Amino acid sequence: MKRIGIATTGGDAPGMNTAIRALTRLAQDNGIEVYGFEKGWEGMLHDQYQILTTRSVGGIIHQGGTILQTSRSDALRHEDSKAKIVEILQSHNIEGLIVLGGNGSFRASYVLSQEIDIPIIGIPATIDNDVYGSDETIGFDTAVNSAIEQIDKIRDTATSNDRLFITEVMGRDHGYIALHVGVSVGAEVILVPEIEVDVSEIIETIKANIEKGKKSGIIVMAEGVGDCRELADQIAEKTPVTVRINVLGYTQRGGSPTARSRVLATVFAREAIDLMLSGIGNRIVVHKDGDVSSIPLDQAGLKSKTMDSEFIELYKVLAS
Ligand code: F6P
């Protein structure tokens, strides 16, 4: 193998740069040239790339975002752009492709794998942690820690003013960030898209807390659950508490990756290059029960990860 391509796709995640560095250096160590396509699939479509070298990826291990940039592209959903991507990859003699991203990226990678006969390896990199088959994704730990830092501060002001804060965290389809953040900050209520909770149940919990002498509180809500302003109005109407909202938003996507995100990025990169060198393709690397391994690409993009509901029960006991 003489040349591979790499690309970061979908939402950026802290640790993508760490992975780009490790992939480039491991590939170069094996005599493989690395084309870094810019803005994900868009770079492949418009022939925009940079040749990455051991030196050019220096000094990025700690940087959030991605030096290759990214985009949400539907290029592989259209026949003409799909054919163009294949043509560009072939014109550069790209012999293998490594795609960092989430579920959408792996579905697109699978589509591409049906059109071109080169190994494609996916690396789970999304703050949402919602990739089937992997206990963790690159960037998740960083996003959780960023949110915790913010909510710990909110707890101070909530307690000082006897207020209830609804803190909205990222997670359009899945609530892994909300669940882990909620458990870590001792949230009184955690709301995730996977588990439907009636507003009356939330109001009962708040009233019970008031009875117990708890005058302030934190609700951690994933963005995919709904409108936090509406929930705030309903709570304010039915309870005596003062409710405030804090939407953490895109701060969770940026920032320097934690040690855990950096280590995961590095071991994922090693596994991806090892697979490439063995000529094994069309898989995504995963972290399962403490080990790094891989699963078929089609499973990753098409199956949905299920949430550990025992964790939800645990936080409820601890929040009492
Ligand atoms: O990166 C994942 C994610 O942060 C989701 O939690 C969120 O809903 C989405 O990206 C929003 O990102 P964008 O505005 O880039 O589509």
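Structure report, in brief. Each chain has its residues counted from 1, following the order in which its sequence is written. pLDDT decides what is reported in this predicted model: residues at 70 or higher carry local features, side-chain atom pairs at 80 or more are listed and counted, and totals for whole chains, interfaces and linings draw on all residues regardless. Heavy atoms throughout the structure, all of them, feed into the side-chain values; hydrogens and water do not.

1. Focus: the pattern of salt bridges
Every case where a carboxyl oxygen of Asp or Glu lies within 4 Å of a side-chain nitrogen of Lys or Arg is listed as a salt bridge. Summed over the entire model, instances satisfying the criterion amount to nine salt bridges. One salt bridge in this structure joins Asp-12 and Arg-253, with 3.2 Å as the shortest N-O distance. On the criterion of sequence distance, the pair formed by Asp-12 in the loop between β1 (3–8) and α1 (16–29) and Arg-253 in the loop between β9 (242–247) and α9 (259–277) is long-range, its members being 241 residues apart. Judged on exposure class, the residue Asp-12 and its partner Arg-253 are both buried. What counts as a helix is a DSSP run of H or I of at least four residues, what counts as a strand is a run of E of at least two, and both are numbered from the N terminus. Remark: exposure states derive from per-residue accessible area (1.4 Å probe, protein chains only) relative to the maximum for the residue type, with buried under 20%, exposed over 50%, and partly exposed in between.

2. Re the sheet that holds β9
Should DSSP find at least two bridges between two strands, the strands are taken to pair. The parallel open sheet is built from four strands, whose spatial order is β7-β8-β6-β9. The outermost strands of the open sheet, each flanked by one partner alone, are β7 (189–191) and β9. Going from strand to strand, the sheet's axes swing by 15 degrees on average, the running direction of each strand aside. The sheet contact formed by strand β6 (residues 163–169) and β9 spans six bridges and is parallel. Within β9, the position partnered with Leu-164 by the bridge is Val-243. Angular values range over 0 to 180 degrees, each being the angle between N-to-C directions of two axes fitted as lines to C-alpha atoms, with helices fitted over their stretch in contact.

3. A word on the side chain of Asn-17
Mapping Asn-17 onto the fold places it in helix α1. For Asn-17, a relative accessible area of 0% puts it in the buried group. Should any heavy atoms of two residues lie within 4.5 Å, those residues are counted as being in contact. With residues up to four places along the chain from it excluded, the contact list for Asn-17 reads Ile-60, Gln-63, Gly-64, Gly-65, Thr-66 and Ile-67.

4. Details of the site of the ligand
Every residue near the ligand is listed here: Gly-11, Arg-72, Ile-127, Asp-128, Met-170, Gly-171, Arg-172, Glu-223, Tyr-250 and Arg-253. Between the ligand and the protein, one listed contact pairs an oxygen atom with a side-chain N or O atom of Asp-128 at 2.8 Å. Throughout this description, a polar contact denotes any pair of N or O atoms lying within 3.5 Å of each other; where both atoms belong to protein, one of them has to be capable of donating a hydrogen while the other can accept it, and for residues adjacent in sequence the pair is counted only when both atoms sit in side chains. Here an oxygen atom of the ligand and a side-chain polar atom of Arg-253 are 2.9 Å apart. Across the complex, the protein chains shield 85% of the 400 Å² of accessible surface that the ligand would expose by itself. Any residue with a non-hydrogen atom lying within 4 Å of a molecule or strand is treated as near it. For accessible areas, the Shrake-Rupley method is used with a probe of radius 1.4 Å. Any residue's cover is judged against the shown protein chains and nothing else.

5. Topic: the environment of Ala-269
Position of Ala-269 among the secondary structure elements: in helix α9. We classify Ala-269 as buried; its relative accessible area is 0%. When neighbours within four sequence positions are excluded, Ala-269 is seen to be in contact with Ala-19, Ala-22, Leu-23, Leu-26 and Ile-123.

6. Focus: the sheet that holds β1
Strand order across the open sheet formed by seven strands is β3-β2-β1-β4-β5-β10-β11, with mixed pairing between neighbours. Only two strands of the sheet have a single neighbouring strand rather than two, namely β3 (49–52) and β11 (291–296). Sheet twist, expressed as the mean angle between neighbouring strand axes with direction ignored, is 25 degrees. Where β1 meets strand β2 (residues 33–37), five bridges bridge the pair, whose relative direction is parallel. Across the sheet, residue Ile-6 finds its bridge partner in β2, namely Gly-36. On the sheet, α1 packs against β1, β2, β3, β4 (97–101) and β5 (120–124) and is oriented at approximately 180 degrees with respect to β1.

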